[in-house]
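Each chain, written out:
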Amino acid sequence: MVKVENLVKNYGNFKLELSMEIADGRVTGIVGKNGAGKSTTIKSILGLIKPDGGHVTINGVEAERLSSRDKEKIGVSLSDSGFSMLLSIRDIICILKKMYPAFDEAFFTNSCKAQGLPMNKQIKEYSTGMRAKLRALIAMSHGAQLLVMDEPTAGLDVEARNDILDMIRNYLREDDKRSVLISSHISSDLEGLCDDIYLIHDGKVVLHEDTDAILDNYGVLKVSEEAYEQLDKSYILRSRKDSFGYSCFTNEKHYYAENNPGIVIENSGIDDLILMMTGGN
Amino acid sequence: MHIILNNNSMVPIYEQLMDQVKNEIISGELAEGEALPSVRALSGELRISALTVKKAYDKLEEEGFVVTVHGKGTYVAATDKSLAMEARRKTVEDDFAAAIRKAGSVGFSKEDIMEIVKIILEEY
(Lines give C-alpha, C1' and ligand atoms only; values in the text may rest on other atoms or scores of the structure.)
Protein backbone atom coordinates (compact mmCIF):
# COMPACT_ATOMS: atom_id res chain seq x y z
CA MET A 1 0.00 0.00 0.00
CA VAL A 2 2.59 2.55 1.14
CA LYS A 3 6.32 2.39 0.50
CA VAL A 4 8.80 4.84 1.96
CA GLU A 5 12.27 4.42 0.49
CA ASN A 6 15.28 6.25 1.92
CA LEU A 7 13.22 9.28 2.79
CA VAL A 8 15.40 12.25 3.79
CA LYS A 9 14.21 15.52 5.28
CA ASN A 10 16.43 18.14 6.90
CA TYR A 11 15.24 20.67 9.45
CA GLY A 12 18.31 22.57 10.63
CA ASN A 13 20.16 20.14 12.87
CA PHE A 14 17.47 17.51 12.65
CA LYS A 15 17.74 14.94 9.91
CA LEU A 16 15.03 12.43 9.12
CA GLU A 17 16.32 9.43 7.22
CA LEU A 18 14.21 6.28 7.03
CA SER A 19 12.45 3.58 5.03
CA MET A 20 9.23 1.83 5.92
CA GLU A 21 6.38 -0.10 4.38
CA ILE A 22 2.70 -0.52 5.10
CA ALA A 23 1.30 -3.65 3.48
CA ASP A 24 -2.31 -4.09 2.34
CA GLY A 25 -4.59 -5.02 5.20
CA ARG A 26 -2.03 -4.08 7.84
CA VAL A 27 -2.22 -1.78 10.79
CA THR A 28 1.17 -0.20 11.27
CA GLY A 29 2.08 1.92 14.28
CA ILE A 30 4.76 4.55 14.69
CA VAL A 31 6.07 5.23 18.17
CA GLY A 32 8.82 7.45 19.45
CA LYS A 33 9.46 10.39 21.74
CA ASN A 34 8.40 13.93 20.98
CA GLY A 35 10.48 15.34 18.15
CA ALA A 36 11.60 11.91 16.94
CA GLY A 37 10.19 12.53 13.48
CA LYS A 38 6.81 10.79 13.59
CA SER A 39 4.75 13.69 12.28
CA THR A 40 7.35 14.57 9.67
CA THR A 41 7.19 11.00 8.39
CA ILE A 42 3.41 11.12 8.23
CA LYS A 43 3.40 14.46 6.46
CA SER A 44 5.89 13.20 3.88
CA ILE A 45 3.72 10.16 3.21
CA LEU A 46 0.77 12.43 2.59
CA GLY A 47 2.82 14.65 0.30
CA LEU A 48 2.29 17.64 2.61
CA ILE A 49 6.00 18.35 2.83
CA LYS A 50 8.55 17.89 0.10
CA PRO A 51 11.28 15.43 1.06
CA ASP A 52 14.92 16.34 0.38
CA GLY A 53 15.57 12.83 -0.88
CA GLY A 54 14.07 9.39 -1.37
CA HIS A 55 10.65 8.29 -2.50
CA VAL A 56 7.24 7.81 -0.98
CA THR A 57 4.79 5.87 -3.10
CA ILE A 58 1.18 5.04 -2.36
CA ASN A 59 -0.07 2.13 -4.45
CA GLY A 60 2.82 2.80 -6.83
CA VAL A 61 2.14 6.53 -7.25
CA GLU A 62 4.68 9.07 -6.01
CA ALA A 63 3.14 10.90 -3.01
CA GLU A 64 3.71 14.35 -4.52
CA ARG A 65 1.98 13.33 -7.72
CA LEU A 66 -1.18 11.91 -6.18
CA SER A 67 -4.24 13.10 -8.07
CA SER A 68 -7.29 14.26 -6.16
CA ARG A 69 -8.84 10.93 -7.18
CA ASP A 70 -6.06 9.07 -5.39
CA LYS A 71 -6.32 11.34 -2.38
CA GLU A 72 -10.03 10.57 -2.03
CA LYS A 73 -9.01 7.03 -1.13
CA ILE A 74 -6.96 8.21 1.83
CA GLY A 75 -8.57 9.15 5.12
CA VAL A 76 -6.53 11.52 7.24
CA SER A 77 -6.73 12.69 10.81
CA LEU A 78 -3.95 15.06 11.86
CA SER A 79 -3.62 16.47 15.33
CA ASP A 80 -3.42 20.15 14.43
CA SER A 81 -5.77 20.54 11.52
CA GLY A 82 -9.43 20.24 10.79
CA PHE A 83 -12.45 22.25 9.81
CA SER A 84 -13.13 25.77 11.03
CA MET A 85 -14.30 25.91 14.61
CA LEU A 86 -17.27 28.00 13.54
CA LEU A 87 -18.85 25.18 11.53
CA SER A 88 -21.29 22.56 12.79
CA ILE A 89 -21.52 18.93 11.71
CA ARG A 90 -24.40 19.88 9.40
CA ASP A 91 -22.11 22.35 7.59
CA ILE A 92 -19.30 19.81 7.44
CA ILE A 93 -21.59 17.22 5.85
CA CYS A 94 -22.28 19.64 2.98
CA ILE A 95 -18.55 20.16 2.43
CA LEU A 96 -17.66 16.47 2.66
CA LYS A 97 -20.39 15.62 0.15
CA LYS A 98 -18.77 17.92 -2.39
CA MET A 99 -15.22 16.84 -1.56
CA TYR A 100 -15.70 13.10 -1.61
CA PRO A 101 -17.99 11.44 -4.15
CA ALA A 102 -17.83 8.31 -1.99
CA PHE A 103 -18.93 10.17 1.18
CA ASP A 104 -21.28 7.90 3.13
CA GLU A 105 -23.72 10.31 4.73
CA ALA A 106 -25.80 7.67 6.50
CA PHE A 107 -22.72 6.10 8.10
CA PHE A 108 -21.37 9.50 9.11
CA THR A 109 -24.59 10.84 10.66
CA ASN A 110 -25.31 7.57 12.45
CA SER A 111 -21.80 7.37 13.85
CA CYS A 112 -21.91 11.00 15.00
CA LYS A 113 -25.19 10.32 16.75
CA ALA A 114 -23.88 7.10 18.29
CA GLN A 115 -20.91 9.03 19.68
CA GLY A 116 -23.18 11.75 21.05
CA LEU A 117 -21.89 14.54 18.79
CA PRO A 118 -24.54 17.26 18.45
CA MET A 119 -25.33 18.07 14.80
CA ASN A 120 -26.06 21.77 15.10
CA LYS A 121 -23.50 22.99 17.60
CA GLN A 122 -20.37 24.82 16.47
CA ILE A 123 -17.22 22.76 16.86
CA LYS A 124 -15.68 25.38 19.13
CA GLU A 125 -18.20 24.31 21.77
CA TYR A 126 -17.11 20.68 21.53
CA SER A 127 -14.93 19.05 24.18
CA THR A 128 -11.45 17.77 23.26
CA GLY A 129 -12.78 14.22 23.10
CA MET A 130 -15.66 15.19 20.82
CA ARG A 131 -13.32 16.98 18.43
CA ALA A 132 -11.02 13.97 18.30
CA LYS A 133 -13.95 11.65 17.56
CA LEU A 134 -15.17 13.99 14.83
CA ARG A 135 -11.71 14.05 13.23
CA ALA A 136 -11.58 10.26 13.25
CA LEU A 137 -15.09 9.90 11.82
CA ILE A 138 -14.37 12.39 9.03
CA ALA A 139 -11.32 10.32 8.06
CA MET A 140 -13.50 7.19 7.90
CA SER A 141 -16.53 8.76 6.24
CA HIS A 142 -15.61 8.16 2.62
CA GLY A 143 -14.59 4.53 2.34
CA ALA A 144 -10.84 5.24 2.26
CA GLN A 145 -8.54 2.27 1.68
CA LEU A 146 -5.78 3.87 3.72
CA LEU A 147 -6.26 5.65 7.01
CA VAL A 148 -3.46 7.88 8.25
CA MET A 149 -3.84 9.08 11.82
CA ASP A 150 -1.36 11.23 13.70
CA GLU A 151 -1.94 10.94 17.45
CA PRO A 152 -5.70 10.37 17.21
CA THR A 153 -5.95 9.59 20.92
CA ALA A 154 -3.66 12.29 22.34
CA GLY A 155 -4.98 14.07 25.41
CA LEU A 156 -8.12 11.95 25.71
CA ASP A 157 -9.49 10.04 28.68
CA VAL A 158 -9.46 6.25 28.60
CA GLU A 159 -13.09 5.92 27.52
CA ALA A 160 -12.80 8.33 24.59
CA ARG A 161 -9.58 6.59 23.54
CA ASN A 162 -11.31 3.23 23.52
CA ASP A 163 -14.21 4.66 21.52
CA ILE A 164 -11.80 5.88 18.86
CA LEU A 165 -9.87 2.59 18.77
CA ASP A 166 -13.14 0.69 18.42
CA MET A 167 -14.10 2.96 15.52
CA ILE A 168 -10.85 2.01 13.81
CA ARG A 169 -11.50 -1.68 14.48
CA ASN A 170 -14.97 -1.44 12.96
CA TYR A 171 -13.55 0.38 9.97
CA LEU A 172 -11.05 -2.46 9.45
CA ARG A 173 -13.73 -5.10 9.77
CA GLU A 174 -15.58 -3.76 6.74
CA ASP A 175 -12.88 -4.71 4.26
CA ASP A 176 -9.75 -6.74 4.92
CA LYS A 177 -7.68 -4.83 2.36
CA ARG A 178 -7.89 -1.61 4.39
CA SER A 179 -4.68 -0.37 5.97
CA VAL A 180 -3.99 2.02 8.79
CA LEU A 181 -0.93 4.05 9.71
CA ILE A 182 -1.21 5.41 13.23
CA SER A 183 1.11 7.19 15.62
CA SER A 184 0.58 7.46 19.34
CA HIS A 185 2.26 8.18 22.63
CA ILE A 186 0.00 5.80 24.45
CA SER A 187 1.56 2.42 23.91
CA SER A 188 -1.33 0.34 25.17
CA ASP A 189 -3.47 1.84 22.42
CA LEU A 190 -1.11 0.48 19.81
CA GLU A 191 -0.47 -2.89 21.49
CA GLY A 192 -4.09 -3.88 21.05
CA LEU A 193 -4.45 -2.59 17.53
CA CYS A 194 -1.29 -2.65 15.42
CA ASP A 195 0.14 -5.58 13.51
CA ASP A 196 3.60 -4.10 13.45
CA ILE A 197 5.42 -1.21 15.07
CA TYR A 198 8.16 1.14 13.93
CA LEU A 199 10.16 2.78 16.70
CA ILE A 200 11.62 6.07 15.49
CA HIS A 201 14.35 7.93 17.32
CA ASP A 202 16.32 10.96 16.13
CA GLY A 203 14.84 10.66 12.67
CA LYS A 204 15.79 7.01 12.23
CA VAL A 205 14.04 3.67 12.53
CA VAL A 206 15.58 2.05 15.61
CA LEU A 207 13.41 -1.03 15.51
CA HIS A 208 10.71 -2.59 13.35
CA GLU A 209 8.91 -5.59 14.78
CA ASP A 210 5.54 -7.38 14.74
CA THR A 211 3.48 -6.41 17.78
CA ASP A 212 2.93 -10.00 18.84
CA ALA A 213 6.68 -10.64 18.75
CA ILE A 214 7.20 -7.63 21.02
CA LEU A 215 4.59 -8.85 23.48
CA ASP A 216 5.56 -12.54 23.32
CA ASN A 217 9.34 -12.47 23.06
CA TYR A 218 10.60 -9.20 24.48
CA GLY A 219 11.09 -8.79 28.17
CA VAL A 220 13.11 -7.06 30.86
CA LEU A 221 15.44 -9.19 32.98
CA LYS A 222 16.21 -7.92 36.43
CA VAL A 223 19.50 -9.20 37.76
CA SER A 224 21.98 -8.41 40.51
CA GLU A 225 25.44 -7.18 39.57
CA GLU A 226 27.04 -10.61 40.14
CA ALA A 227 24.37 -12.34 38.11
CA TYR A 228 24.86 -9.77 35.38
CA GLU A 229 28.55 -10.67 35.10
CA GLN A 230 27.61 -14.34 34.61
CA LEU A 231 24.73 -13.69 32.25
CA ASP A 232 24.92 -14.92 28.67
CA LYS A 233 24.39 -11.68 26.79
CA SER A 234 23.73 -13.11 23.32
CA TYR A 235 20.15 -11.83 23.25
CA ILE A 236 20.45 -8.74 25.40
CA LEU A 237 19.69 -5.67 23.33
CA ARG A 238 20.31 -3.03 25.97
CA SER A 239 21.24 -2.94 29.65
CA ARG A 240 20.68 -0.24 32.17
CA LYS A 241 22.24 0.09 35.60
CA ASP A 242 19.64 0.26 38.33
CA SER A 243 19.71 0.50 42.12
CA PHE A 244 19.44 -3.30 42.47
CA GLY A 245 21.83 -4.22 39.66
CA TYR A 246 20.90 -4.27 36.01
CA SER A 247 17.76 -4.14 33.90
CA CYS A 248 18.42 -5.97 30.66
CA PHE A 249 16.18 -5.71 27.64
CA THR A 250 15.94 -8.92 25.63
CA ASN A 251 14.11 -10.09 22.53
CA GLU A 252 14.32 -13.73 23.66
CA LYS A 253 12.81 -13.84 27.14
CA HIS A 254 11.92 -17.54 26.83
CA TYR A 255 15.59 -18.39 26.27
CA TYR A 256 16.52 -16.72 29.56
CA ALA A 257 13.55 -18.19 31.39
CA GLU A 258 14.63 -21.71 30.38
CA ASN A 259 18.34 -21.33 31.00
CA ASN A 260 18.24 -19.23 34.16
CA PRO A 261 15.73 -20.77 36.55
CA GLY A 262 14.46 -18.28 39.07
CA ILE A 263 15.49 -15.22 37.07
CA VAL A 264 13.09 -12.29 37.30
CA ILE A 265 11.63 -11.50 33.91
CA GLU A 266 8.98 -8.90 33.33
CA ASN A 267 6.87 -8.98 30.21
CA SER A 268 7.59 -5.86 28.28
CA GLY A 269 5.43 -3.64 26.22
CA ILE A 270 6.06 -0.84 23.81
CA ASP A 271 6.82 1.56 26.68
CA ASP A 272 9.83 -0.52 27.74
CA LEU A 273 10.85 -0.71 24.11
CA ILE A 274 10.95 3.07 23.83
CA LEU A 275 12.66 3.58 27.18
CA MET A 276 15.30 0.91 26.67
CA MET A 277 16.00 1.42 22.98
CA THR A 278 16.19 5.20 22.96
CA GLY A 279 18.00 5.70 26.25
CA GLY A 280 20.46 3.59 28.28
CA ASN A 281 23.48 1.99 26.65
CA MET B 1 -16.47 -18.85 21.25
CA HIS B 2 -15.40 -17.83 24.72
CA ILE B 3 -11.82 -16.69 24.81
CA ILE B 4 -10.08 -15.31 27.86
CA LEU B 5 -6.57 -13.98 27.32
CA ASN B 6 -4.07 -13.14 30.01
CA ASN B 7 -1.71 -10.39 28.93
CA ASN B 8 0.57 -10.92 31.92
CA SER B 9 1.20 -14.57 31.22
CA MET B 10 4.50 -15.88 29.85
CA VAL B 11 2.45 -18.02 27.45
CA PRO B 12 2.30 -16.17 24.11
CA ILE B 13 -1.10 -14.74 23.23
CA TYR B 14 -1.42 -16.78 20.03
CA GLU B 15 -0.78 -19.97 22.02
CA GLN B 16 -3.41 -19.06 24.60
CA LEU B 17 -5.85 -18.44 21.78
CA MET B 18 -4.93 -21.71 20.04
CA ASP B 19 -5.33 -23.76 23.21
CA GLN B 20 -8.76 -22.35 23.95
CA VAL B 21 -10.05 -22.88 20.42
CA LYS B 22 -8.66 -26.42 20.55
CA ASN B 23 -10.45 -27.06 23.84
CA GLU B 24 -13.73 -25.89 22.37
CA ILE B 25 -13.28 -28.14 19.37
CA ILE B 26 -12.38 -31.16 21.48
CA SER B 27 -15.26 -30.56 23.89
CA GLY B 28 -17.63 -30.25 20.94
CA GLU B 29 -18.62 -26.68 21.78
CA LEU B 30 -17.39 -25.75 18.33
CA ALA B 31 -18.97 -28.23 15.95
CA GLU B 32 -17.43 -29.63 12.82
CA GLY B 33 -17.95 -27.30 9.87
CA GLU B 34 -18.73 -24.34 12.09
CA ALA B 35 -17.18 -21.04 10.97
CA LEU B 36 -14.69 -19.30 13.24
CA PRO B 37 -14.97 -15.51 13.44
CA SER B 38 -12.98 -13.69 10.75
CA VAL B 39 -9.45 -12.66 11.67
CA ARG B 40 -10.37 -8.97 11.79
CA ALA B 41 -13.56 -9.57 13.76
CA LEU B 42 -11.84 -11.66 16.42
CA SER B 43 -8.85 -9.34 16.66
CA GLY B 44 -11.26 -6.44 17.16
CA GLU B 45 -13.21 -8.28 19.82
CA LEU B 46 -10.18 -9.46 21.76
CA ARG B 47 -8.29 -6.22 21.12
CA ILE B 48 -5.22 -7.96 19.85
CA SER B 49 -3.41 -7.57 16.56
CA ALA B 50 -4.82 -9.33 13.51
CA LEU B 51 -1.46 -10.98 12.89
CA THR B 52 -1.70 -12.72 16.26
CA VAL B 53 -5.11 -14.16 15.37
CA LYS B 54 -3.84 -15.16 11.95
CA LYS B 55 -0.85 -16.91 13.50
CA ALA B 56 -3.15 -18.88 15.82
CA TYR B 57 -5.45 -19.85 12.93
CA ASP B 58 -2.49 -20.87 10.77
CA LYS B 59 -1.08 -23.12 13.50
CA LEU B 60 -4.50 -24.63 14.16
CA GLU B 61 -4.69 -25.40 10.46
CA GLU B 62 -1.23 -26.98 10.53
CA GLU B 63 -2.39 -29.23 13.34
CA GLY B 64 -5.53 -30.14 11.41
CA PHE B 65 -8.11 -28.56 13.70
CA VAL B 66 -9.42 -26.04 11.20
CA VAL B 67 -9.43 -25.46 7.45
CA THR B 68 -9.20 -22.08 5.81
CA VAL B 69 -11.06 -21.65 2.54
CA HIS B 70 -9.36 -18.79 0.76
CA GLY B 71 -11.57 -15.74 0.52
CA LYS B 72 -14.33 -17.37 2.58
CA GLY B 73 -13.20 -18.04 6.08
CA THR B 74 -11.91 -20.53 8.59
CA TYR B 75 -13.95 -23.58 9.58
CA VAL B 76 -13.68 -26.32 12.17
CA ALA B 77 -12.19 -29.35 10.40
CA ALA B 78 -13.50 -32.87 10.58
CA THR B 79 -11.11 -34.10 13.26
CA ASP B 80 -10.95 -37.38 15.01
CA LYS B 81 -11.69 -36.15 18.51
CA SER B 82 -10.46 -39.31 20.18
CA LEU B 83 -7.08 -38.73 18.53
CA ALA B 84 -6.99 -35.14 19.76
CA MET B 85 -7.98 -36.29 23.22
CA GLU B 86 -5.25 -38.93 23.09
CA ALA B 87 -2.69 -36.22 22.24
CA ARG B 88 -3.88 -34.21 25.23
CA ARG B 89 -3.52 -37.19 27.55
CA LYS B 90 -0.06 -37.80 26.20
CA THR B 91 1.08 -34.27 27.12
CA VAL B 92 -0.24 -34.76 30.66
CA GLU B 93 1.67 -38.04 30.91
CA ASP B 94 4.78 -36.28 29.70
CA ASP B 95 4.33 -33.62 32.39
CA PHE B 96 4.06 -36.34 35.05
CA ALA B 97 7.16 -38.06 33.70
CA ALA B 98 9.09 -34.81 33.80
CA ALA B 99 8.01 -34.13 37.39
CA ILE B 100 9.02 -37.66 38.44
CA ARG B 101 12.44 -37.27 36.79
CA LYS B 102 12.91 -34.00 38.64
CA ALA B 103 11.85 -35.62 41.91
CA GLY B 104 14.28 -38.50 41.31
CA SER B 105 17.13 -36.08 40.69
CA VAL B 106 16.72 -34.54 44.15
CA GLY B 107 16.49 -37.97 45.78
CA PHE B 108 12.76 -38.55 46.29
CA SER B 109 11.82 -42.21 46.68
CA LYS B 110 8.81 -43.79 44.99
CA GLU B 111 6.98 -43.64 48.30
CA ASP B 112 7.78 -39.93 48.70
CA ILE B 113 6.38 -39.24 45.26
CA MET B 114 3.20 -41.26 45.93
CA GLU B 115 2.78 -39.40 49.21
CA ILE B 116 3.05 -36.01 47.49
CA VAL B 117 0.56 -37.03 44.81
CA LYS B 118 -1.86 -38.22 47.50
CA ILE B 119 -1.60 -34.94 49.41
CA ILE B 120 -2.13 -32.89 46.26
CA LEU B 121 -5.12 -35.01 45.27
CA GLU B 122 -6.70 -34.55 48.69
CA GLU B 123 -6.43 -30.78 48.36
CA TYR B 124 -7.69 -30.86 44.77
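Here the structure is shown first, and the text comes after it.
Definitions and cut-offs
Residues numbered from 1 in each chain as written. Chains lettered and ligands numbered in written order. Predicted model: local features only at pLDDT ≥ 70, side-chain atom pairs only at ≥ 80, totals over all residues. Axes fitted to C-alpha atoms, helices over the stretch in contact; angles between N-to-C directions. Helix = DSSP H or I, 4+ residues; strand = E, 2+ residues; numbered from the N terminus. Parallel < 35°, antiparallel > 145°, perpendicular 65-115°, else oblique. Contact = placed C-beta atoms within 7 Å. Nonpolar A, V, L, I, M, F, W, Y, C, P; charged D, E, K, R; others polar. Pairing = 2+ DSSP bridges. Buried ≥ 20, exposed ≤ 12 C-beta atoms within 10 Å, placed from the backbone.

The next thing to look at is the packing of helix α5 (residues 128–140) of chain A against helix α6 (residues 158–174) of chain A. Residues and elements named next belong to chain A. One can describe the packing of α5 onto α6 by two numbers: an axis separation of 10 Å at closest approach and a directional angle of 5 degrees. With respect to each other, α5 and α6 are oriented roughly parallel. Each of Gly129, Ala132, Lys133, Ala136, Leu137 and Met140 in α5 lies in contact with α6, whose residues at this interface are Ala160, Asp163, Ile164, Met167 and Tyr171.

This part covers the interface of chain B and chain A. Between chain B and chain A, the residue contacts involve 15 residues of the former and 15 residues of the latter. Elements with a minimum of two residues in the side of chain B that touches chain A: α1 (13–27), α2 (39–46) and α3 (50–62) of chain B. For the side of chain B that touches chain A, the leading source of residues is α3 of chain B, giving four residues. A breakdown of the residues in the side of chain B that touches chain A according to their chemical character gives eight nonpolar, four polar and three charged.

To continue, consider the pairing of strand β1 (residues 66–69) of chain B. Residues and elements named next belong to chain B. Here four bridges tie β1 to strand β2 (residues 73–76), and the two strands are oriented antiparallel to one another. Paired with Val66 across the strands is Val76, a residue of β2. The hairpin formed by β1 and β2 contains three residues between the paired strands, and Gly71 there has a positive phi angle of roughly 80 degrees.

All names here are of chain B. As for its position among the elements, Asp80 is in the loop between β2 and α4 (81–105). In this structure Asp80 comes out as exposed when scored by C-beta crowding, with 9 C-beta atoms within 10 Å. Along the chain, Asp80 and Asn8 lie 72 residues apart, while their C-alpha atoms are 33 Å from each other.

Attention shifts here to helix α1 (residues 38–45) of chain A. Because an α-helix completes one turn every 3.6 residues, residues spaced three or four positions apart along the sequence face the same direction. All names here are of chain A. Within α1, six of the eight residues are buried, which leaves the element mostly enclosed by the surrounding structure. Residues Lys38, Thr40, Thr41, Ile42, Ser44 and Ile45 constitute the buried set of α1. After α1 finishes, the residue Gly47 shows a positive phi value of roughly 75 degrees.

This next bit is on unusual backbone geometry. Residue and element names in this part refer to chain A. Although it is not a glycine, Asn6 sits at a positive phi angle of roughly 45 degrees. For Asp202, which is not glycine, the phi dihedral falls at a positive 50 degrees. In this fold, Asp202 is placed in the loop between β9 (196–201) and β10 (204–210).

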